[in-house]
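What the coordinates show
For reference, the chains in residue letters:
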Amino acid sequence: MANELDPVVGNWYETLDKGDKFEIVAVDEDAGTVDIQYYDGDIEEMDIDAWYELDIELSEQPDDWNGPYDEDDEEAEDDWDEDEEDAEEDYDEDDDWH
């Protein structure tokens, strides 16, 4: 079943057959392509004709839309915290410039 929804960057959609949620991350009108990123992080590029053939509906952004990135974000935050602690330990008030 074809849809009449235009691909809008930042909008979330859901496939009606599988319930997969995805976000439009880019639209290249010159090339006639749409880039989508699924909730699990996978990215797919499709031509605009394929877009209009999808059986989809507009969807709300998932509450935990960054779910696949949580682990990486936590690791990056932990690394930053460790770097900050090391800097505090290395700090010497005598080195303070006034």
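A quick note: this is a predicted structure, and the numbers were derived from the prediction, not measured. (Residues numbered from 1 in each chain as written. Predicted model: local features only at pLDDT ≥ 70, side-chain atom pairs only at ≥ 80, totals over all residues. Heavy atoms only, no water.)

Now for a negative patch on the surface. A surface patch of like charges, here negative, comprises Asp28, Glu29, Asp30, Glu45, Asp47, Asp49 and Glu53. Looking at the negative patch, the elements that each hand over two or more residues are β4 (43-47) and α1 (48-53). Mapped onto the secondary structure, Asp47 falls in strand β4. (Patch = residues over 30% accessible without salt bridge, like charges linked within 9 Å, V, L, I, M, F, W, Y side chains within 5 Å. Areas by Shrake-Rupley, 256 points an atom, 1.4 Å probe, with all protein chains shown as cover. Salt bridge = Lys/Arg side-chain N within 4 Å of Asp/Glu carboxyl O. Lys, Arg positive; Asp, Glu negative; His and termini not counted. Charge placed at Lys NZ, Arg CZ, Asp CG, Glu CD. Helix = DSSP H or I, 4+ residues; strand = E, 2+ residues; numbered from the N terminus.)

Tyr13, Phe22, Ile24, Val34, Ile36, Met46, Trp51 and Ile56 form the largest nonpolar core, which has eight residues in total. At the level of secondary structure, the elements contributing two or more residues to this core comprise β2 (21-28) and β3 (33-38). Once you skip the residues sitting within four places of it in the chain, Ile56 turns out to touch Asn3, Leu5, Tyr13, Glu14, Thr15, Leu16, Phe22 and Trp51. (Core = buried A, V, L, I, M, F, W, Y, C linked by side-chain atoms within 4.5 Å. Buried < 20%, exposed > 50% of the residue type's maximum accessible area, 1.4 Å probe, protein only. Contact = heavy atoms within 4.5 Å.)

As enumerated under the stated definition, the model contains four aromatic pairs in all. On the basis of an interplanar angle of 25° and a centroid distance of 5.8 Å, the ring pair of Tyr13 and Phe22 is categorised as stacked. The class of Phe22 is buried, set by a relative accessible area of 1%. Ring centres of Phe22 and Trp51 lie 6.1 Å apart, and the angle between their planes is 85°; on these two criteria the pair is classed as edge-to-face. A residue pair is termed long-range when its members are at least 10 positions apart, and Phe22 in strand β2 and Trp51 in helix α1 qualify at 29 residues. Each member of the pair, Phe22 as well as Trp51, carries the same accessibility label: buried. Put simply, the rings of Tyr13, Phe22, Tyr38 and Trp51 pair up and form one aromatic cluster. (Phe/Tyr/Trp six-rings, centres within 6.5 Å; stacked < 30°, edge-to-face > 60°.)

A word on the sheet that holds β2. If you walk across this open sheet you meet the five strands as β4-β3-β2-β1-β5, and the pairing is antiparallel. Each edge of the sheet is formed by a strand with only one pairing partner; in this case those strands are β4 and β5 (56-59). Each strand axis lies, on average, 40° off the axis of its neighbour in the sheet, ignoring direction. Pairing between β2 and β3: six bridges, direction antiparallel. Residue Ile24 lies in a different strand from β3, and its bridge partner there is Ile36. (Pairing = 2+ DSSP bridges. Axes fitted to C-alpha atoms, helices over the stretch in contact; angles between N-to-C directions.)

All right, on to the environment of Asp40 then. By the element assignment, Asp40 lies in the loop between β3 and β4. Taking the C-alpha atoms as reference, Asp40 lies 9.3 Å from Asp20; in sequence the two are 20 residues apart. Reaching out from Asp40, the side chain makes a polar contact with the backbone nitrogen of Asp42 at a distance of 3.0 Å. (Polar contact = N/O pair within 3.5 Å; in protein donor to acceptor, adjacent residues only side chain to side chain.)

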